[in-house]
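Okay, here's what each chain looks like letter by letter:
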Amino acid sequence: MTNETILISAAQPARDLATERAQASFPIETMRNYLIGGADQAALKDTAYNLISRDPILSYGSVGHPFDMTRPQLREKTMAQIRRSVEVRRGLFRSDLADDPTRDVRDRDLERHFMVAMCELSESFSMRLFVSDALFARSFRMFGTPEQAARWVPMVRRWEVVGCFGMTEIGHSSNLRGISTTATYDHKAQEFIINTPDIMGTKFWIGAVGETATHASVLCRLVVGDQDCGLHWFLVQLRDTKTGRIMPGVALGDIGAKAGRNGLDNGWMQFTHVRTPRGNMYARWARVTAEGRFESGLAANDPARSQVSDAAAASLSYAGLIPERLEITRGVPMAVNQALTIAIRYAALRRQGPTGNPPILDYATQQAALLPPLALMHAVMAADAGVWARWGKMEGNPAALVKGLADMHALSSGIKSMVTWRGSDALEMVRRAMGGHAFSRYNAIADAQADFGVMTTGGGDNYVLVQQTTRYLLSETARAAKNLGSGKASGPADPEASTYYLSNLADHVGAESLPAISNWSDLGAMHAHLVRLTIIKLTRLGTALRKAGKKGGAAAWNAHLRDVSDLAVLHTHLFLMRAMRRRVGDLPSGPNDGPVAPAELRGALLDLAALYFTDTLDRHARDLMAECGWSGDQARALQQAVADHSAKVRVNAVALVDAFGYPDFILKSPLARADGSGYEAYLNTIKAAEGGWGGVPEYHGREIAPLTGQAKL
């Protein structure tokens, strides 16, 4: 900070942002190109932004400010954006919206950037698209036969049918074992009869059901004769595709007012004796034959039949939400990075203080609020390429899917839980850091929080998912210990598995304390200490549960739920740490990773990595002291290291958020204008709103005048 007092004028913010950009230690354009995949990809993304901003249907240019729109207006606008995006994809990108490997690569990339940009612009668009294009379409790829996928997915991609994912029920949420909707086979008619037995079986919170969906993938309990054949997926028509009328036997409606995502029509649905053809049972992993016989496992003519057991095939009915959880590696940075861009730019141009009127970003409290989340988002983005490349190899290969399913389920559950919890925390820190201006919807933070809130619950409640992750970790730790005792390798067979660190089990169980960290930029040393903590906690928890035995197991599990949650979070951090070290060249890259950062960016990314690592250790300092022998001096040195690395990242903060490349119309926050004209733009936005210029309210005569009219001035 300086003692020189800066006089604050309307022109000062632009000068301040220019100063911030000039002091960056790296070329902003180079960082943006690296993050997006190259200069050619950045140019395509800019083309996509231009296409959206110039189109009055895709953008909000023709309807006023989006934060002033009513729920019905948002619903219609979001659907208009969907329709227009379909027209654009067909007309400009030479796409029939189906997968076409012969299509020009540039057209495919431009289409991808266009759709990502639209999702950046509107969370409601993103979710309305995701429900049909991703969840519904993937249900055919995941659970359906190749023939079913070939018939239905192209229609879904062309939006000739609009789909939804009918899993959760009002009385059971995502507790799949409690699902009570039934599909009873009628052998004579060669149909399934879908039925909602009671109110608890009402499908609830289903995206796109309220107003839009024509079809649903519905998770039901299959009944064949007197046999309960478990949970399976069925295609059920909800509405006539031409008239929109609800099909006989189907009752459905809109859920109504929600905290956020009001452009998405979440709804409820019930089925009374609704018939769907036998061919509408998704039959990749199980089926009912024409003779009325239930078969589990891959079909006899499937090339992977000999590699996938019937028992393994049955478990795959639960795999549908893995890709939804993996979307967190993209969806959370998309939301949080926009909020951080708004808040960091504002903190760089907002001057206040008793000495010199410094930018508030110079204060340690602002840095503590805004910069660790920025570092975490870079770690999440570093892991994105790897998890999706690995999932892509699994999704199209039944044998690989079965082999890697447990690890991917545990990893996706951990990522979904930890990253959405921290994303929610980050948005709240942004709101606080911006003071009163973040309470204005016109600066986008309030709606970002409202739209984001459901992410800790949707796709599986975090408090449930962390338990699933830790059960897997305990099983893998026990296996590793058994292998170690018999002289075998303790680590997983796949070196890219999320439990890679169990390969070093012997280095941590009963071993001497690790050397104290003296260099808080040593990523390897910090990584090793977190591995040690995770393995010790896993070993202790496993011992406690074994002592409790089967009789006391449930009570012991409940008593240790805080440790269970902590372990899932630690496991996820260890995965992100490996990805971040690979990104900055501190570890050799794996087969699924993106490119290592170029030398001119590595300094800034190393500062972010060091901040992420120290902040993560600091959040677990209590356990490091209790379990790993850390002293109070070490913990205090760690706290100082977090502050020191925050100060280093602060120098590049504006440049780092600029490198995300969001144009002003995407951010929708006048205070975050890239040219520094935020205060003027903010005031003009307010003036343009209804009542922005004041006047006599319509209710003055009824409610105000009877009071003030009595005054004798």
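Rules used in this analysis
Residues numbered from 1 in each chain as written. Predicted model: local features only at pLDDT ≥ 70, side-chain atom pairs only at ≥ 80, totals over all residues. Heavy atoms only, no water. Helix = DSSP H or I, 4+ residues; strand = E, 2+ residues; numbered from the N terminus. Expected span 1.5 Å × (residues − 1). Buried < 20%, exposed > 50% of the residue type's maximum accessible area, 1.4 Å probe, protein only. Contact = heavy atoms within 4.5 Å. Salt bridge = Lys/Arg side-chain N within 4 Å of Asp/Glu carboxyl O. Polar contact = N/O pair within 3.5 Å; in protein donor to acceptor, adjacent residues only side chain to side chain. Axes fitted to C-alpha atoms, helices over the stretch in contact; angles between N-to-C directions. Parallel < 35°, antiparallel > 145°, perpendicular 65-115°, else oblique. Nonpolar A, V, L, I, M, F, W, Y, C, P; charged D, E, K, R; others polar. Core = buried A, V, L, I, M, F, W, Y, C linked by side-chain atoms within 4.5 Å. Phe/Tyr/Trp six-rings, centres within 6.5 Å; stacked < 30°, edge-to-face > 60°. Lys NZ or Arg CZ within 6 Å of the ring centre and 35° of its normal. Bend = angle between axes of the 7 residues up to and from the residue. Pairing = 2+ DSSP bridges. Patch = residues over 30% accessible without salt bridge, like charges linked within 9 Å, V, L, I, M, F, W, Y side chains within 5 Å. Areas by Shrake-Rupley, 256 points an atom, 1.4 Å probe, with all protein chains shown as cover. Disulfide = S-S within 2.5 Å.

(A) Local environment of helix α19 (residues 632-651). End to end, α19 covers 30 Å across 20 residues, agreeing with the expected 28 Å (1.5 Å per residue, within 8%). Within the span of α19, buried status applies to Q634, A635, L638, A641, V642, H645, S646, V649 and R650. Tucked into the core, α19 has its buried residues touching α1 (12-22), α11 (364-395), α17 (599-619), α18 (621-628) and α20 (653-658).

(B) Examining the pattern of salt bridges more closely. Applying the stated criterion across every chain yields a total of 45 salt bridges. Linking D658 and R345 is a salt bridge whose minimum nitrogen-to-oxygen distance equals 2.9 Å. Within this pair, whereas D658 is found in helix α20, its partner R345 is found in helix α10 (residues 328-349), the two being separated by 313 residues in sequence. Accessibility assignment for this pair places D658 and R345 in one class, buried.

(C) Main features of the side chain of H508. Assignment of secondary structure puts H508 in the loop between α14 (462-485) and α15 (523-559). Overall, H508 belongs to the buried group, its relative accessible area being 8%. One polar contact links H508 to R532, side chain to side chain, over a distance of 2.8 Å. Once you skip the residues sitting within four places of it in the chain, H508 turns out to touch A528, V531, R532 and I535.

(D) Representation of the packing of α11 against helix α16 (residues 561-583) within the structure. Where α11 meets α16, the closest approach of the two axes is 8 Å, and the angle between their N-to-C directions is 85 degrees. Relative to α16, α11 is oriented roughly perpendicular. Contacts between α11 and α16 involve L376, H378, A379, V380, M381, A382, A383 and V387 from the former and H573, F575, L576, A579, M580 and R583 from the latter. Classifying every residue of the contact of α11 with α16 by side-chain character gives eleven nonpolar, two polar and one charged.

(E) Examining the environment of N504 more closely. Looking at where N504 falls in the secondary structure, it is placed in the loop between α14 and α15. Along the chain, N504 and A18 lie 486 residues apart, while their C-alpha atoms are 48 Å from each other.

(F) Seen up close, the nonpolar core. I344, L370 and L374 are the most contacted members of the largest nonpolar core, which has 180 residues in total. When residues no more than four places from it in sequence are discounted, the contact partners of L370 are L340, A343, I344, A347, L361, V430 and A433. Judged by nonpolar contacts, the second largest core, of 27 residues, contains Y185, F192, A208 and V236.

(G) Fine view of the packing of aromatic side chains. The final tally for this structure, using the stated rule, is 15 aromatic pairs. For the ring pair F660 and Y662, a centre distance of 6.1 Å and an interplane angle of 45 degrees mean the geometry is tilted. For the residue pair F660 and Y662, the accessibility class agrees, reading buried in each case. The structure contains a cluster of three or more aromatic residues connected by ring pairs, namely F136, F140, W152 and Y282. Above the face of the W557 ring, R471 is positioned so that its terminal group lies 3.9 Å from the ring centre. The positively charged end of R578 is found above the aromatic ring belonging to Y500, 4.2 Å away from the centroid.

(H) Geometry of unusual backbone geometry. Even without being glycine, W159 reaches a positive phi, approximately 60 degrees. With respect to the helices and strands, W159 occurs in the loop between α7 (146-157) and β1 (163-166). You can call W159 buried: its relative accessible area is 13%. Backbone geometry places W205, a non-glycine residue, at a positive phi of 70 degrees. Of note, W205 is situated in strand β4 (residues 203-206).

(I) Geometry of the packing of helix α2 (residues 28-36) against helix α3 (residues 39-53). Remark: α2 packs on α3, axes separated minimally by 8 Å, with the N-to-C direction vectors making an angle of 90 degrees. In terms of axis orientation, α2 runs roughly perpendicular to α3. In contact with R32, N33 and I36 of α2, α3 contributes A39, Q41, A42, K45, D46 and Y49. Of the residues assigned to the contact of α2 with α3, the class counts are four nonpolar, two polar and three charged.

(J) Helix α6 (residues 123-143), seen in detail. Helix geometry: α6 is bent most strongly at F130, by close to 40 degrees. Most of α6 sits out of view: 19 of its 21 residues are buried. For α6, the N-terminal capping position is held by S122, with its side-chain oxygen 3.3 Å away from the main-chain nitrogen of S124.

(K) A look at the pairing of strand β8 (residues 267-271). Side chains G267, M269 and F271 project from β8 onto a buried face, and the interleaved W268 and Q270 project onto a face without burial. Here five bridges tie strand β7 (residues 250-254) to β8, and the two strands are oriented antiparallel to one another. Counterpart to A251 in the pairing with β8 is Q270.

(L) Structural view of the side chain of Q148. As for its placement among the helices and strands, Q148 is situated in helix α7. In terms of polar contacts, Q148 uses its side chain to reach the backbone carbonyl oxygen of M281, at 2.8 Å. Ignoring anything within four residues of it in the chain, the contact list for Q148 reads F140, G279, M281, Y282 and A283.

(M) Local environment of a nonpolar patch on the surface. Among the surface-exposed residues, I170, I199 and M200 lie close enough to one another that they form a single nonpolar patch of about 290 Å² accessible area. Turning to its location among the elements, I170 is positioned in the loop between β1 and β2 (182-186). Judged by relative accessible area, which is 42%, I170 ranks as partly exposed.

(N) Representation of the environment of H215 within the structure. You can see H215 is positioned in strand β5 (residues 215-224). Its relative accessible area of 6% is what places H215 among the buried residues. When the C-alpha positions of H215 and D633 are compared, they lie 61 Å apart, and in sequence the two are 418 residues distant. Among all residues touching H215, those that are not within four sequence positions of it are F136, W152, V161, V162, G163, C164, L235, V236, Q237, L238 and T241.

(O) Region of the structure containing the pairing of strand β9 (residues 274-277). Judged by which residues are buried, β9 turns out to be one-sided: V274 and T276 face inward and are buried, whereas R275 and P277, on the alternate face, are not. Looking at chain direction, strand β3 (residues 191-195) and β9 are connected through four bridges and run antiparallel. Of the residues in β9, the one forming a bridge with I193 is R275.

(P) Structural context of the sheet that holds β7. As summarised here, the arrangement of the three strands in space is β4-β8-β7, forming an open sheet in which the pairing is antiparallel. Looking at which strands have only one partner, the edges of the open sheet turn out to be β4 and β7. Strand after strand, the sheet turns through a mean of 20 degrees between neighbouring axes, direction not considered. Taken together, the three bridges between β4 and β8 define a ladder with antiparallel strand orientation. Residue pairing across strands places F204 opposite W268, the latter belonging to β8.

(Q) View of the state of the cysteines. According to the stated counting rule, one finds zero disulfides in the structure shown. With no disulfide of its own, C220 lies 12 Å from the sulfur of C164, the closest cysteine sulfur. By relative accessible area, which is 0% here, C220 ends up buried.

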